[in-house]
Amino acid sequence: MTAPRVVVIGGGVTGLATACLLARDGHRVTVLEKNAELGGRAGAWEQDGFTFDTGPSWYLMPEVFEHFYRLMGTTTAEQIELVPLQPGYRVYDEPTGVAAAEHIDVSTGADAVAELFERREPGAGIRLRRYLASATKTYRASVASFLYNPFSSWRDFANPAVFTAAPTVIPLLVRSLWSFVARRFRDPLLRKVLGYPAVFLGTSPFDAPALYHLMSHMDLVDGVQYPRGGFRAFVDSLVEIARAQGVELLTGSDVTAIRSENGAARAVEFERDGRRSRLEADIIVSAIDEHHTETVLLDEADRSYPAKRWQKQITGPSAVLVMLGVDGPLPELRHHTLFFSEDWHDNFDAIFGPSPRVPGTPSIYVCKPSATDDGVAPAGAENLFVLVPLPPDTSIGHGGVGSSGDAAVGEVADAAIAQIAAWAGIPDLASRIVVRRTVGPADFASQFNSFRGSALGPAHTLAQSAFFRGVTRSRRVEGLFYAGATSVPGVGLPMCLISAELVLKHVRGDHTPGPLEES
């Protein structure tokens, strides 16, 4: 009997992981990737001896990576070299005068974090321990019963594991993350340390449900690691595994349509090297932006969502990314450094509020992988990746190399560089930059077909979290599945790996709520 033919649309992390799992399960798999390089948002860019990750930079939830590798018959240690970061990151608070901003280093482990909280707010240490215990309990309940759950029918909600986890999870859905934190801690900077992970979920701490305090288990309990060689090393491992499983990887292949016949997936049409092609398929997996799949690739009769769904969607932020090669050392910055603006309500209102705008003083994230990895910058130089969260608005424009790119993107980048220089006390930062590249919201739209130019996908509000987020199996077309950051379970590399496993579960007809058994 001929093995079923699978076509995976999108060669990002989700697409590659899905291809790996389905190929190991006996399917003939082809991946069609629009761009010239595999990896999607987890890309890389090189210039003059500097190598930049152009997307994800936080390695969290290591057990999810390990589980995926074990499903593929290998281990994390065999594939990538992980370096623990201690402290996990540095935080700068907005200065009130002309001096450099106050900063704290956030170490990993409940004991170290409790000591930090106690020093800044007497009595906060014991409250922090209780907070982290709750975060860990919620995290484990979510992994065991919700994140890996395909929820393919209403019967899946009646699973005993879901009932067991419900008392832990449900009460956390009725209040915001910020209110949950603010009830327990008074110090503004400590509140921000616990609230900022909402940004990595594509939402505001004022809108994210308190359920997401589980994020503090990831960085403060489990800790932060870095894959030597950057996240490109992780992508390369997926590519090698896929090829070893016999997956056909076709880059420069822009999918133009998904075709069905008698209510079942039938073929994918695409353009490659200026020629139009058609690939027959028994199973089709869309591992790209869900909005693009629904509104462009599918005929109207095959769409799972009505048009009003996209009008109502709360889209996660876009961003200006700035990649900088800097001459000389920058001891003022850690591998991960966060710059927190004072007025968070205004900051987040600018991004998520009714009148979107570029924040006047944004909260900025800076990654300096050269603090950990000698291979990403020339000797004596530093590699910086700067992320400035913005509203999802493609009119802000495109970035470019050097001084090229649209004016608004360049202005955001210049302001971010000046802000980092002033707050961290690096007055000559701008004059030491030898390599520069920017990425704007319009680049996310053109390169990844991202809805509204979002850098992440739908925001993780209550109505857009877990099984509320969308479908992983088409409601109209048998054999068509959705995966990736814009689908279930959500944003981030671990979620992309879990999303790939949900496709495998659907194909197998597996309704279990937790991770698959490792062979």
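Everything below is about the structure printed above this text.
Asker: What should I look at first to understand the packing of helix α1 (residues 13-24) against helix α16 (residues 493-508) in this one?
Answerer: For any two helices packed against each other, one specifies the crossing angle of their axes together with the interaxial distance. Contact pair α1 / α16: the axes reach a minimum separation of 8 Å and the direction vectors enclose 35°. In terms of crossing hand, the pair formed by α1 and α16 is right-handed. Each of V13, T14, A17, T18, L21 and L22 in α1 lies in contact with α16, whose residues at this interface are L493, C496, L497, S499, A500, E501, V503, L504 and V507.

Asker: Would you take a moment to explain the nonpolar core for this structure?
Answerer: Among soluble globular proteins, nonpolar side chains are generally buried collectively. By size, the foremost hydrophobic cluster in this structure holds 116 residues, and its most contacted members are V13, F68, V91, F117 and V285. Apart from residues lying up to four places away in sequence, F117 is in contact with A124, G125, L128, F185, L190 and L194.

Asker: Help me understand the environment of A430 in this model?
Answerer: Relative to the elements of secondary structure, A430 occurs in the loop between α14 (407-424) and β18 (433-439). Taking relative accessible area as the criterion, A430 reaches 54% and is therefore assigned exposed. Taking C-alpha positions, A430 is 9.8 Å from L324, a pair spaced 106 residues apart along the chain.

Asker: Could you clarify how one ought to interpret the side chain of T315 in this entry?
Answerer: Tracing the backbone through its elements, the reader meets T315 in the loop between α12 (308-312) and β14 (318-327). Take T315: its relative accessible area is 7%, and that puts it in the buried class. Polar contacts involving the side chain of T315 include one to the side chain of Q313, which spans 3.3 Å. A polar contact is formed between the side chain of T315 and the side chain of R452, at a distance of 2.6 Å.

Asker: Got a minute to help me understand the pattern of salt bridges in this structure?
Answerer: Close approach of charged atoms lets side chains of opposite charge pair. Inspection of the entire model under this criterion finds 23 salt bridges. Among the ionic pairs, E81 bridges to R228, the shortest N-O distance being 3.3 Å. Within this pair, whereas E81 is found in the loop between α3 (76-79) and β5 (82-85), its partner R228 is found in the loop between β8 (224-227) and α10 (231-244), the two being separated by 147 residues in sequence. Overall, the relative accessible area of 45% leaves E81 in the partly exposed class. Residue D346 is joined to R357 by a salt bridge in which the shortest nitrogen-to-oxygen separation is 3.0 Å. Of the two residues, D346 sits in helix α13 (residues 344-352) while R357 sits in the loop between α13 and β16 (364-367), which places them eleven residues apart along the sequence.

Asker: Whenever I open this one, helix α2 (residues 62-71) confuses me. Can you help?
Answerer: Quick reminder: α-helices carry 3.6 residues per turn. Residues three or four places apart thus point the same way. Judged by how many residues are buried, α2 sits mostly within the fold: seven of ten residues are covered. Listed as buried for α2 are P62, V64, F65, H67, F68, Y69 and L71.

Scoring rules and cut-offs
Residues numbered from 1 in each chain as written. Predicted model: local features only at pLDDT ≥ 70, side-chain atom pairs only at ≥ 80, totals over all residues. Heavy atoms only, no water. Axes fitted to C-alpha atoms, helices over the stretch in contact; angles between N-to-C directions. Helix = DSSP H or I, 4+ residues; strand = E, 2+ residues; numbered from the N terminus. Left-handed = near helix turned anticlockwise from the far one by under 90°. Contact = heavy atoms within 4.5 Å. Core = buried A, V, L, I, M, F, W, Y, C linked by side-chain atoms within 4.5 Å. Buried < 20%, exposed > 50% of the residue type's maximum accessible area, 1.4 Å probe, protein only. Polar contact = N/O pair within 3.5 Å; in protein donor to acceptor, adjacent residues only side chain to side chain. Salt bridge = Lys/Arg side-chain N within 4 Å of Asp/Glu carboxyl O.

Don't take any of this as a statement about function, it's just geometry.
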